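The chain contents come next:
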Amino acid sequence: RATHAACVVIHAWYVEALGELLALPALADPAIRVLITTSFDKEHAVREALAAHGTNAEIAVFENRGRDILPFLHVASRLLDEGEQLVLKLHTKQSVHMEHGDRWRDELVQRLASASRHQSIRTAFADDAKLGLVAPEGHLLPLRSYLGANEANVEYLHTRLGLHRPLDGATTFASGSMFWVRLEALRPLLDAHLDTWEFESEAGQIDGTSAHAIERTFAACVEDAGFRVSAASDACGEAVI
């Protein structure tokens, strides 16, 4: 099956922020497959943004449930079936409940997809077959300290997926849910086929949803599948000062 060097999956909810993601150097590489997920009411604006940037991308439209997480699971499962291997997951994160939401998004994106990094990270995956997930340095956080209102949902997910990673161990999670991932390492999560009904209706929740629990489960899933989680700086061989 024909596959690409990598795929970039962008969830476009705040469409006004999509332009800066479409301008990333990685998206200009013809070997990169670009997919945009969005909701039905945003589809027209997304198509306009793609046309304005001259970006060739596939669009997958879903009900507004599960934030950026559920659309990603749907698309990732299909990509794995189609033989794709490596995905960069991004979204138009605003974190409107935070004063510096835009700055946070920019930091996450630059640590994963800047001109100097996206190729280095792809090379790291090619060189290390056990590298499963790469998250922005400074945003791989200890799960136990950041469970908050998500503990019951995370415990349920671990049981549902058959994960063995202890919640009180060294398990981390990629805060902000932007990362590079080897799709094979997400198989425990993708094979669960989580469905729309398992996600709450959207009501502006800032914590405690199924999407927040899955955000805290990606890295544990990767490690349970026998793969390694790394900070982007380490994957690029850069020292963090």
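Parameters at a glance
- Residues numbered from 1 in each chain as written.
- Predicted model: local features only at pLDDT ≥ 70, side-chain atom pairs only at ≥ 80, totals over all residues.
- Heavy atoms only, no water.
- Helix = DSSP H or I, 4+ residues; strand = E, 2+ residues; numbered from the N terminus.
- Rg over C-alpha atoms; globule rule 2.2 N^0.38 Å.
- Buried < 20%, exposed > 50% of the residue type's maximum accessible area, 1.4 Å probe, protein only.
- Areas by Shrake-Rupley, 256 points an atom, 1.4 Å probe, with all protein chains shown as cover.
- Salt bridge = Lys/Arg side-chain N within 4 Å of Asp/Glu carboxyl O.
- Pairing = 2+ DSSP bridges.
- Axes fitted to C-alpha atoms, helices over the stretch in contact; angles between N-to-C directions.
- Core = buried A, V, L, I, M, F, W, Y, C linked by side-chain atoms within 4.5 Å.
- Contact = heavy atoms within 4.5 Å.
- Expected span 1.5 Å × (residues − 1).
- Right-handed = clockwise from strand over helix to strand, strands pointing away.

A. Representation of the overall build of the chain. Of the regular secondary structure elements, the chain holds 10 helices and 9 strands. Whereas a compact globule of 241 residues would reach a radius of gyration of roughly 18 Å, the chain reaches 17 Å, a difference of no more than 12%. Across its three principal axes, the chain shows a C-alpha extent of roughly 45 × 40 × 40 Å. With 241 residues in all, the chain has 54% of them scored as buried. About 10,600 Å² of surface is accessible on the chain, with carbon and sulfur atoms providing 50% of the total.

B. Looking closely at the pattern of salt bridges. Under the defined criterion, the tally for this structure stands at 19 salt bridges. Between R33 and E82 there is a salt bridge, and its shortest N-O distance comes to 2.8 Å. Of this pair, R33 sits in strand β2 (residues 32-39) while E82 sits in the loop between α3 (69-81) and β4 (86-91), and the two are 49 residues apart along the sequence. Judged by relative accessible area, R33 falls into the buried class, the value being 11%. Relative accessible area serves as the criterion here: at 27%, E82 is assigned to the partly exposed category. For D191, the salt bridge is made with R187, and the minimal N-O distance between the two is 3.6 Å.

C. Here's a closer look at the sheet that holds strand β1 (residues 6-11). Read from one edge of the open sheet, 7 strands run β3-β2-β1-β4-β8-β5-β9, paired in mixed fashion. Each edge of the open sheet carries a strand with a single partner, namely β3 (58-62) and β9 (228-231). Between one strand axis and the next, the sheet turns by 20° as a mean value, whatever way the strands run. With 4 bridges connecting them, strand β5 (residues 131-135) and β9 associate as parallel partners.

D. Broad picture of the nonpolar core. Judged by nonpolar contacts, the single largest core of 46 residues is most densely connected at F72, L73, I214 and F218. Each residue touching L73, except ones within four places of it in the same chain, is listed here: L189, L190, L194, I214 and F218. Formed by 35 residues, the second largest nonpolar core is a distinct cluster that contains L21, L22, I36 and M178.

E. View of α3. Here α3 is 13 residues long and its end C-alpha atoms lie 18 Å apart, about the 18 Å a rise of 1.5 Å per residue gives. Looking only at α3, the buried set comprises I69, L70, P71, F72, L73, V75, A76, S77, L79 and L80. Just beyond α3, the residue with positive phi is G83, at close to 95°.

F. Structural context of the pairing of β3. As paired strands, β2 and β3 are joined by 5 bridges and run parallel to one another. Across the sheet, the residue bridging to T38 is V61, located in β3. Following the chain from β2 across helix α2 (residues 43-53) to the adjacent parallel β3, one finds a crossover that is right-handed.

G. Structural context of the side chain of E215. By the secondary structure assignment, E215 is in helix α8 (residues 210-215). Residue class for E215 comes out buried when judged on its relative accessible area of 12%. When near neighbours in sequence (up to four residues on either side) are disregarded, E215 contacts I69, F173, A174, S175, G176 and S177.

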